[in-house]
Amino acid sequence: MKKILFLKKNPIIFLFFMILFMMPDKSDAQSWCLTPSTSSYTQFDPIIRSRNETGPFYLRIYVHVIRRSDGTGGQTVEDVYEALSYLDEAFNPHNIYFIWNGEIDDIKSDYYYEFTETNPPNSIFHQNPHNDGIDIYLFRDDLQKGWGLANGIGSTAFCVIGNTPYPPHISHIKSHIISHEMGHCLNLYHPFDGPNNCTELVNGSNCEECGDLVCDTPAEFFGNITPYNVNPNSCIWLGCQGINCYDSLGDPYNPNPKLIMGYTHVNCSEIITPGQGQRMRNSIDTIPILQACIIPLADSIISDVTQWGSPVYISGNVIVKNGGELKITDTVYFVLPGKIVVEQGGKLIVDNGIITTKNYNPWLGIEVLGNPDLNQSPTSNQGWVQVINGGTIAN
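The residue numbering used here restarts from 1 in each chain and proceeds along that chain's sequence as written. Where totals are concerned, whole chains, interfaces and linings use all residues; where local detail is concerned, this predicted model gives features only for residues with pLDDT of at least 70, and gives and counts side-chain atom pairs only at 80 or more. Only hydrogens and water are set aside; all other atoms, that is, all heavy atoms of the structure, feed into the side-chain values.

**Q** Provide a residue-level description of the overall build of the protein, including the pertinent values.
**A** Counting from the N terminus, the helices are the DSSP runs of H or I reaching at least four residues and the strands are the DSSP runs of E reaching at least two. For the protein, the helix and strand inventory stands at eight helices and 17 strands. Based on the C-alpha atoms only, the size of the protein along its principal axes is roughly 110 × 55 × 35 Å. For the protein, the residues scored as buried account for 49% of the 395 residues in total. Shrake-Rupley sampling with a 1.4 Å probe provides the accessible areas, and residues are treated as covered by the protein chains on show and by no other component. Carbon together with sulfur atoms contributes 52% to the accessible area of the protein, which is approximately 18500 Å² in total. Charged side chains of the protein number 22 positive and 40 negative; the gap between the two group centres comes to 9 Å. Think of it in three bands: residues with accessible area under 20% of the maximum for their type are buried, residues over 50% are exposed, and the middle band is partly exposed, with areas taken using a 1.4 Å probe on protein chains only. The charged-residue count follows a simple rule in which Lys and Arg add positive charge and Asp and Glu add negative charge, with His and chain termini not counted at all. Charge positions come from single atoms, namely NZ of Lys, CZ of Arg, CG of Asp or CD of Glu.

**Q** Please provide a residue-by-residue account of the state of the cysteines, values included.
**A** Any two cysteine sulfur atoms lying within 2.5 Å of each other are counted as a disulfide. For the structure shown, the criterion picks out four disulfides. With a sulfur-sulfur separation of 2.2 Å, C235 is cross-linked through a disulfide to C268. Taking the sign of the S-S torsion, -90° for the link of C235 and C268, the bridge is left-handed. Of the two residues, C235 sits in the loop between helix 6 (177–185) and helix 7 (274–284) while C268 sits in the loop between helix 6 and helix 7, which places them 33 residues apart along the sequence. Each sulfur of the disulfide joining C240 and C245 lies 2.0 Å from the other. Its torsion about the S-S bond being -80°, the disulfide of C240 and C245 is classed as left-handed.

**Q** Tell me about the sheet that holds strand 6 (residues 300–302), residues and numbers included.
**A** Pairing is parallel in the open sheet, where four strands are placed in the order 6-9-12-15. On the outer flanks of this sheet lie strand 6 and strand 15 (366–368), each paired with one strand and no other. On average, each strand axis in the sheet is inclined to that of its neighbour by 10°, with strand direction left out of account. Pairs of strands are assigned from DSSP output, requiring at least two bridges between the strands. Across three bridges, the pairing between strand 12 (residues 340–342) and strand 15 is parallel. If you follow I340 over to strand 15, its bridge partner there is I366. In this analysis an axis means a line fitted to C-alpha atoms, helices contributing only their contacting stretch, and an angle means the value between N-to-C directions, from 0 to 180 degrees.

**Q** How would you summarise the sheet that holds strand 13 (residues 347–351) if you had to cite specific residues and measurements?
**A** Working definition: the strands of a sheet are paired by backbone hydrogen bonds and lie parallel or antiparallel to each other. Read across the open sheet, the four strands follow the order 7-10-13-16; overall the sheet is parallel. A single partner strand is all that each edge strand has here, and the edge strands are strand 7 (305–308) and strand 16 (384–388). The average undirected angle you get between the axes of adjacent strands in this sheet is 10°.

**Q** Which residues make up helix 6, and what values do they have?
**A** Along helix 6, nine of the nine residues are buried, which leaves the element largely enclosed by surrounding structure. Taken together, the buried positions of helix 6 are occupied by I177, I178, S179, H180, E181, M182, G183, H184 and C185. A positive backbone phi angle near 80° is found at N187, which sits one or two residues after helix 6.

**Q** How would you summarise the pairing of strand 2 (residues 96–108) if you had to cite specific residues and measurements?
**A** Across 10 bridges, the pairing between strand 1 (residues 57–67) and strand 2 is parallel. What sits directly across from L59, in strand 2, is F98. Look down the strands so they point away from you; if going from the first strand over the helix to the second traces a clockwise path, that crossover is right-handed. Of the crossover connections in this fold, the one passing from strand 1 over helix 4 (residues 77–91) to the parallel strand 2 is right-handed.

**Q** Help me get a handle on the pattern of salt bridges, residues and values and all.
**A** By salt bridge we mean one thing: a side-chain nitrogen of Lys or Arg within 4 Å of a carboxyl oxygen of Asp or Glu. A full pass over the atoms with the stated rule returns 10 salt bridges. A salt bridge links D106 to R67, with the shortest nitrogen-to-oxygen separation between them at 2.8 Å. Taken as a pair, D106 in strand 2 and R67 in strand 1 lie far apart in primary sequence, 39 residues in all. Judged by its relative accessible area of 11%, R67 is buried. A salt bridge links K321 to E343; the nearest nitrogen and oxygen atoms lie 3.3 Å apart. Of this pair, K321 sits in the loop between strand 9 (318–320) and strand 10 (325–328) while E343 sits in the loop between strand 12 and strand 13; the two residues are 22 residues apart in sequence, bridging distant segments of the chain. We classify K321 as partly exposed; its relative accessible area is 31%. Salt bridges here are not isolated pairs; linked through shared partners, they connect R51, E53 and D285.

**Q** Describe in detail the packing of helix 4 against helix 6, supporting the description with residues and values.
**A** Close contact between helix 4 and helix 6 brings their axes to 8 Å; oriented N to C, the two are set at 60°. As the angle between them shows, helix 4 and helix 6 are arranged oblique. In this structure, helix 4 crosses over helix 6, and the sense of that crossing is right-handed. Listed contacts from helix 6 to A83, Y86, L87, A90 and F91 of helix 4 are I178, S179, M182 and G183. Each angle gets one of four labels, with under 35 degrees taken as roughly parallel, over 145 as roughly antiparallel, 65 to 115 as roughly perpendicular, and the rest as oblique. Two helices cross in a left-handed way if the nearer one is turned anticlockwise from the farther one by less than a right angle. They cross in a right-handed way if the turn is clockwise. Contacts are assigned to residue pairs with any non-hydrogen atoms lying within 4.5 Å of each other.

**Q** Outline the packing of aromatic side chains, supporting the account with residue identities and numerical values.
**A** Working definition: a ring pair exists when centres of Phe, Tyr or Trp rings (six-membered ring for Trp) sit within 6.5 Å. Plane angles under 30 degrees give stacked, over 60 give edge-to-face, the rest tilted. Using the criterion set out here, one finds 15 aromatic pairs in the structure. On the basis of an interplanar angle of 70° and a centroid distance of 5.4 Å, the ring pair of Y81 and W100 is categorised as edge-to-face. Pair noted here: Y81 is in helix 4 and W100 is in strand 2, with a separation of 19 residues, a long-range link. Overall, the relative accessible area of 36% leaves Y81 in the partly exposed class. With a centroid separation of 5.1 Å and 65° between ring planes, the pair formed by F192 and Y263 is classed as edge-to-face. Linking F192 in the loop between helix 6 and helix 7 with Y263 in the loop between helix 6 and helix 7, this pair joins segments that are 71 residues apart in sequence. Y263 sits in the buried class, given a relative accessible area of 4%.

**Q** An account of the side chain of H64 is needed here, citing residue identities and associated values.
**A** With respect to the element layout, H64 can be found in strand 1. Taking the relative accessible area as the measure of exposure, H64 reaches 0% and is therefore buried. Polar contact criterion, stated in full: a pair of N or O atoms within 3.5 Å, where within protein one must be able to donate a hydrogen and the other to accept it, and residues adjacent in sequence count only if both atoms are side-chain atoms. In terms of polar contacts, H64 uses its side chain to reach the side chain of D105, at 2.7 Å. With residues up to four places along the chain from it excluded, the contact list for H64 reads D105, I107, Q127, N128, H130, D135, I136, Y137 and L138.

Below, the structure written as C-alpha cells:
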C-alpha cells in the first residue's frame, strides 16, 4: 500500500521546508549579469595591452525605452537622466564621456514590455540599432530578479531590466548595474573571468594573461563576492563562504567588494580602477566598432564674415578670430561640452537664432576677450557680442 506523508504530522520536516522556502535565492544574485565572458576581439588584446591612451574620448550613445504597445509604461525622461548620471559618475573620471542627443526611441511592444524570463530576448538588439554609437535598451523596473546583458565583451549595445533580487530591490537601471554593462561594451570582463580560461593568481604574477587581464583588480574566483557576503552598509567583505577560497598556490583570495564590474551588493558598486580605465581607453581607440562611436573633436574657426542660416552641430569650440564675424540666424547645437570664444576684434551676432546643447550635459558658454585698458570703441578694441530679434542663448 502506498504511504501518504502529511506534513502536519511531521513538524520538523515542515519547518525544514519552510526555512528552505524563505531563504534568499543566492544563485539569482550571482547571475544577474547574463553577458557571456566571450569576445570577438581577443586578437586585439596584444595591441590593447601595449597602448597608453589618455583620452578624452567622447562616445555617442542612443537611448531606447521599452513601453507597452499603446505607448504607456517604461522609464520616464527623468529616469533616463538619472540612469545616465551613473555612467557619468563611473566613466568621466577615466576621461570617457557619453554624448546623448536627448532623444528617446520608444519601442512599443507588449512582448518586450511584459518579458519576465531570465533568458534575455537577444532580438532586442535588432530594434533600431546604430553603427555609430552605443545603443542602450532600458526595460521596466518592477521585475524582481532583474538582469543586465551586453551584446558581448567589446560591443555596442546592452539592455537592463528590473531590480535586485534582494531587499530593498533597487532599480538596476538607476544604479551602477548600468555602468557594469557599459563596462562590458568597452571591453571589460568580470574580475573572476576572462578570455583565456585561466584563473588569476593572488600574487598577480599572471595578471596580464589570466582573469580579467587587468592587474590592479585583485584575483577573484566566481562566487567569492556576492551581495550576501558583503556588508551593504560598510561594504566590507565578510569572507569566503564555501569552496574555492584559495588559489592554486594556496593563497587566500581577497577580492575588492567595491568593483563595479564585480558581483557585489549594489550599494557597494562604486569603483572602476585606473587599470580598467586604461584598458577601456585603449580598447576604444583600437576596436573598430568602438572607434566608430567616437565623436571627433573639431574646433570651428571663424576668421571672416560667416552666417549660419541652417542648423549647425558643433563637436568642439567655436573661435571667432580678430576680424571675423559670425551671424547665427538658426540653431547651433553643441554636441560636446564646448564653448564660443570671441577674440579681441571678433564679432558674434545672434539674430533670431538659438545657441543650445544637443546633449544632456550643458555647453560651456561664451568667452569674450579684449583689452581692459582700451575703450569699447572702436569695436576692434574688444570682442563683441550682440543678441537681437529674439535671439536666445540657452542650455
